[in-house]
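What the coordinates show
As a plain string of letters, each chain reads:
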Amino acid sequence: MFVGLQGSGKTTTCTKYAYYYKKKNWKPALVCADTFRAGAFDQLKQNATKASIPFYGSYTETDPALIAAAGVELFRKDGRDLIIVDTSGRHKQEAALFEEMRQVAEAVSPDLVIFVMDGSIGQAAFDQAKAFKESVEVGAVIVTKLDGHAKGGGALSAVSATRSPVIFIGTGEHMDQFESFETKRFVSRLLGRGDVSGLMDKIQDVIPEDKQPELLDSIQRGNVSMRVMRDVFESFLNMGPLSSVMAMIPGFDSNIMQQGNDKNSQVRGCRVRQLPLLCWYVLVFGCAQHNCQWQASDCSSSKMPPTTQQPKFRR
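Once a new chain begins, its residue numbering starts again from 1 and follows that chain's sequence as written. For this predicted model, a pLDDT threshold of at least 70 governs which residues receive local features, and a threshold of 80 or more governs which side-chain atom pairs are given and counted, while totals over whole chains, interfaces and linings are taken from all residues. Water and hydrogen atoms were dropped before computing side-chain values, which therefore reflect all heavy atoms in the structure.

So, about helix α3 (residues 64-77). Numbering goes from the N terminus for both helices and strands, where a helix is a DSSP run of H or I of at least four residues and a strand is a run of E of at least two. The span you would expect from a helix comes to 1.5 Å times its residue count less one. An ideal rise of 1.5 Å per residue puts 20 Å on 14 residues; α3 measures up with 20 Å between its terminal C-alpha atoms. For the exposure calls, accessible area comes from a 1.4 Å probe over protein chains only, and a residue counts as buried if that area is under 20% of its type's maximum, exposed if over 50%, partly exposed in between. Among all positions in α3, only P64, A65, I67, A68, G71, V72 and F75 are buried. Burial along α3 is one-sided: seen end-on, the buried residues are contained in an arc of 160°. It only takes one pair of heavy atoms within 4.5 Å for two residues to be counted as in contact. Along its buried surface, α3 packs onto β2 (28-33), β3 (55-56), β4 (82-87) and α4 (95-108). Polar contact criterion, stated in full: a pair of N or O atoms within 3.5 Å, where within protein one must be able to donate a hydrogen and the other to accept it, and residues adjacent in sequence count only if both atoms are side-chain atoms. Among the residues of α3, the N-terminal cap falls to D63, whose side-chain oxygen and the backbone nitrogen of A65 are separated by 3.1 Å. Positive backbone phi, at 85°, marks G79, one or two positions downstream of α3. Here the arc refers to the directions that run from the helix axis out to each C-beta atom.

Structure below.
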């Protein structure tokens, strides 16, 4: 069950959470128990349809506890193993809405209550998170809107107030801009040192592990055909916005690439030399992951491909 303040991004985060686990072969479903905000069910329905995730809600029923209970029961019978209940946004001074939240929790008996927090609210997060913790058993925190200037300092306050870990962070509005939270990776990116392990996770998602050794071996030997380059470029376009990929590479600036999620706009906004260079760097990290070393005679560095030697293309 997702809870949080108004405007923190709960409904969008619910869909991202479901989509994340759908890619890991779970069978998620969404239940809209937000009867307070106009258009809440329409938003969830639109997001769920886009992600091909089943959903449940009502335009006529006004009791969120009844909607939540009916939706959970329906999807349990359908064999869904991850049922996500989206609730109304509420403030600690709204006692009636907090009582409503307790009723929804009692109706569905959630295995996990997730507090969704806007990364830009700062130290005010402590009092708000504490109020939620006193009403329901918050077990985890998700920090959203970290794609702007906010660095999520209030997350520490939320963790302290709820005594719950941060499990995910939202880095944008699109479905794939959602990632699991790891302290070392988050701090490394915060300091501008990149996120190599996060980059490797993305590579594992788009390039099958059984094809990686063969691909890296052909590139290491310099026998790169146009078909190989096409497969590499298509894989990178499936990794999400190229600006976010660039930010994961140490020493690269994400502002070099045009912002956006559309694949065509990414290609148009990418200079001719940038995409091949990005591919080289990511494949180097892939080589390091598989303990594959570049030959010292071919490279100026033991883990970096030569910048002067051009790959050999075959017709």
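So, about the pattern of salt bridges. Salt bridge, as used here, is a side-chain nitrogen of Lys or Arg placed within 4 Å of a carboxyl oxygen of Asp or Glu. Under the criterion given, the structure shown has six salt bridges. The salt bridge partner of E99 is R102, with a shortest N-O separation of 3.0 Å. Placement of both E99 and R102 in helix α4 is noted, with a separation of three residues, approximately one turn of the helix. The exposure class of E99 is partly exposed, given its relative accessible area of 35%.

Mapped onto the fold, T11 is located in helix α1 (residues 10-22). Since its relative accessible area comes to 6%, T11 is described here as buried. For T11, the side chain forms a polar contact with the side chain of D86, separated by 2.8 Å. Those residues in contact with T11, other than ones at most four positions away along the chain, are R37, A40, Q43, L44, N47 and D86.

For the rest of this paragraph, the subject is the nonpolar core. Nonpolar cores were defined as sets of buried Ala, Val, Leu, Ile, Met, Phe, Trp, Tyr and Cys residues, with membership established by side-chain atoms within 4.5 Å. Ranked by internal contacts, the top residues of the largest apolar core, which has 33 residues, are M1, V85, F115, F132 and V143. Contributing elements (two or more residues each) for this core: β2, α3, α4, β5 (113-118), α5 (125-135), β6 (138-144), α6 (154-162) and β7 (166-170). It is α4 that contributes the most residues to this core, five residues altogether. Ignoring sequence-local partners within four residues, the contact set of V85 consists of M1, F2, V31, A33, A68, V72 and V104.

On to the packing of α4 against α5, then. Put simply, α4 and α5 touch, their axes get as near as 10 Å, and they point 45° apart. With respect to α5, the element α4 is oriented oblique. Between α4 and α5 the crossing geometry is right-handed. Contacts between α4 and α5 involve F98, M101 and R102 from the first element and A131, F132 and S135 from the second. Orientation is described by axes fitted as lines to C-alpha atoms, over the contacting stretch for helices, and by angles from 0 to 180 degrees between their N-to-C directions. Angle categories: roughly parallel below 35 degrees, roughly antiparallel above 145, roughly perpendicular from 65 to 115, and oblique for all the rest. Two helices that cross are described as forming a left-handed crossing if the nearer one is turned anticlockwise from the farther one by less than a right angle, and a right-handed crossing if clockwise.

Turning to the packing of α1 against helix α2 (residues 40-50), a few remarks are in order. Across the interface, α1 lies against α2 with an axial gap of 10 Å and an inter-helix angle of 25°. Comparing their axes, α2 and α1 come out roughly parallel. Where α1 crosses over α2, the handedness of that crossing is right-handed. Of the residues in α2, those touching α1 at T11, T12 and T15 are A40, Q43, L44, N47 and A48.

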